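# Notes for the structure review
One letter stands for each residue in the lines below.
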Amino acid sequence: ETGVTQSPTHLIKTRGQQVTLRCSSQSGHNTVSWYQQALGQGPQFIFQYYREEENGRGNFPPRFSGLQFPNYSSELNVNALELDDSALYLCASSLARGGHSGNTIYFGEGSWLTVV
Amino acid sequence: AQSVTQLGSHVSVSEGALVLLRCNYSSSVPPYLFWYVQYPNQGLQLLLKYTTGATLVKGINGFEAEFKKSETSFHLTKPSAHMSDAAEYFCAVSLNTGNQFYFGTGTSLTVIP
C-alpha cells in the first residue's frame, strides 16, 4: 500500500476520443509524475508536476497534458486517442523533485487504458 | 544520456535456488539506482535503492544489490528463491539533477517448484 490512488482502474475508449486519468498522491508529497507502460515494456516518463507546475517532460506529444491541483492531486489528459496509446498509466508521487537525494517515488496501481 | 539494460527478459529458477537479475546502466553523472517489482495487475513496489555510501544495499523480501561503478552494474540477487518472488522486476536510474526515472524493459522471474 503506497498511498497513491488512481482512477479509473480500467477503461476503454475509441480512437479519436479524449480521456482523463486521475491520481491522488501520498499524503505530504508535492511532486507527481506520470508514466506510460506499454505491454511488455518498462515505464516511460511522460511528465512531472511540482507544486502545480510542469517540471519536466518526456518524449510525448502535446496531446498528452496534465494538471496538478493545490492539494497535489493530478490529472493526465490525452486528446485524440490513438491505438498505440493503449497502455497502463502509472502515477507516482514523491516528496521532492526528481532524484534529489535519491528521492524515492511511490507508484499507484495504474489505470489500464484500451483504445479501440 | 541515461539508459538501463536488463539482460534476460525471462529468468527461471527453482525454488530455493539463487536469484540473479542483471542490470547495467549508462549515465553521464553518478546515478541513483533502484529496483522495483511489479506483481500481475499491480503497480510498482520499491525493492531497494542505492544513492551514496555502501555499495551493497539490502532491500525487502531478502533481496540485495551491489553497485559496481567500474562495471556500471547494479545486479539484483536473492540467495534462495521463493514461489512468491515470481513477478516482473524493473531496474531504474535517476539523476541527482534530474526529474525522471529511466526504466529497463524488465525481467520476468519464474520460480519452479
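What counts, and where the lines are drawn
Residues numbered from 1 in each chain as written. Chains lettered and ligands numbered in written order. Predicted model: local features only at pLDDT ≥ 70, side-chain atom pairs only at ≥ 80, totals over all residues. Heavy atoms only, no water. Contact = heavy atoms within 4.5 Å. Buried area = accessible area lost by both parts, 1.4 Å probe. Salt bridge = Lys/Arg side-chain N within 4 Å of Asp/Glu carboxyl O. Polar contact = N/O pair within 3.5 Å; in protein donor to acceptor, adjacent residues only side chain to side chain. Helix = DSSP H or I, 4+ residues; strand = E, 2+ residues; numbered from the N terminus. Disulfide = S-S within 2.5 Å. Buried < 20%, exposed > 50% of the residue type's maximum accessible area, 1.4 Å probe, protein only. Pairing = 2+ DSSP bridges. pLDDT = per-residue confidence, 0-100. Core = buried A, V, L, I, M, F, W, Y, C linked by side-chain atoms within 4.5 Å. Phe/Tyr/Trp six-rings, centres within 6.5 Å; stacked < 30°, edge-to-face > 60°.

### Topic: the interface of chain A and chain B
Each partner contributes to the interface: chain A provides 24 residues, whereas chain B provides 22 residues. Taking both partners together, chain A and chain B bury about 1700 Å²; carbon and sulfur atoms supply 53% of that area. Our count for the contact surface shared by chain A and chain B stands at zero salt bridges. Our count for the chain A to chain B interface comes out at two residue pairs in polar contact (both at pLDDT 80 or more). Every element with two or more residues in the side of chain A that touches chain B is listed here: strand S4 (31-37), strand S5 (44-50), strand S6 (53-57) and strand S9 (87-94) of chain A.

### Looking at the state of the cysteines
Two cysteines form a disulfide when their sulfur atoms are joined by a covalent bond. In the structure shown here, the tally under the stated rule is two disulfides over all chains. For Cys23 of chain A, the disulfide goes to Cys91 of chain A, at an S-S distance of 1.8 Å. Disulfide Cys23 of chain A-Cys91 of chain A: the torsion about the S-S bond is -65°, which places it as left-handed. Of this pair, Cys23 of chain A sits in strand S3 (residues 19-24) while Cys91 of chain A sits in strand S9, placing them 68 residues apart in sequence. Classification of Cys91 of chain A by relative accessible area gives buried; the value is 0%. A sulfur-sulfur distance of 1.9 Å marks the disulfide that ties Cys23 of chain B to Cys91 of chain B. Given an S-S torsion of about -65°, the disulfide between Cys23 of chain B and Cys91 of chain B has left-handed geometry. Taken together, the residues Cys23 of chain B in the loop between strand S3 (19-21) and strand S4 (24-26) and Cys91 of chain B in strand S10 (residues 87-95) connect sequence positions 68 residues apart. Each of the two residues, Cys23 of chain B as well as Cys91 of chain B, counts as buried.

### Structural notes on the pairing of strand S12 (residues 107-112) of chain B
Residues and elements named next belong to chain B. Sheet analysis places strand S2 (residues 10-14) next to S12, joined by five bridges and oriented parallel. Bridge assignment links Ser14 to a residue of S12, and that residue is Ile112. Note: S10 against S12, three bridges, orientation antiparallel. Paired with Tyr89 across the strands is Thr107, a residue of S12.

### Some details on the confidence of the model for chain B
Residues at a pLDDT of 70 or more form 96% of chain B, whose mean pLDDT is 91. Looking across chain B, the model is least confident in strand S11 (residues 101-103) of chain B, with a mean pLDDT of 90, and most confident in S3 of chain B, with 98.

### Some remarks on the nonpolar core
Nonpolar side chains in soluble globular proteins generally cluster together in the buried interior. Residue and element names in this part refer to chain B. Judged by nonpolar contacts, the single largest core of 26 residues is most densely connected at Trp35, Leu47, Leu48, Phe74, Leu76 and Tyr89. The set of elements that each furnish at least two residues to this core consists of S2, S3, strand S5 (31-38), strand S6 (44-50), strand S8 (64-68), strand S9 (73-78), S10 and S12. In terms of residues, this core owes the most to one element, S10, which gives four residues. Setting aside chain neighbours within four positions, we find Leu47 in contact with Trp35, Tyr36, Val37, Gly59, Ile60, Phe63, Leu76 and Tyr89.

### Structural notes on unusual backbone geometry
Here Ser7 of chain A and Pro8 of chain A are connected by a cis peptide whose omega angle stands at -10°. As for its placement among the helices and strands, Pro8 of chain A is situated in the loop between strand S1 (5-7) and strand S2 (10-13). The phi dihedral of Arg51 of chain A falls on the positive side, at around 50°, and the residue is not glycine. By secondary structure assignment, the location of Arg51 of chain A is in the loop between S5 and S6. The residue Thr72 of chain B is not glycine, and still its phi comes out positive at about 45°. Within the secondary structure, Thr72 of chain B sits in the loop between S8 and S9. Here Thr72 of chain B falls in the partly exposed class, since its relative accessible area comes to 32%.

### Describing the environment of Ser73 of chain A
Within the secondary structure, Ser73 of chain A sits in the loop between strand S7 (64-68) and strand S8 (74-78). Of the polar contacts made by the side chain of Ser73 of chain A, one reaches the side chain of Asn71 of chain A; its length is 2.7 Å.

### Some words on the packing of aromatic side chains
Counted by the stated rule, this structure contains 14 aromatic pairs over all chains. Relative to Tyr36 of chain B, the ring of Phe107 of chain A lies with its centre 5.4 Å away and its plane at 85°, an arrangement referred to as edge-to-face. Here Tyr36 of chain B lies in strand S5 and Phe107 of chain A lies in strand S10 (residues 106-107), a pairing that spans two chains. Like Phe107 of chain A, the residue Tyr36 of chain B is buried in the burial classification. Three or more aromatic residues link up through ring pairs in this structure, and these residues are Tyr35, Phe45 and Phe107 of chain A together with Phe34, Tyr36, Phe101 and Phe103 of chain B.

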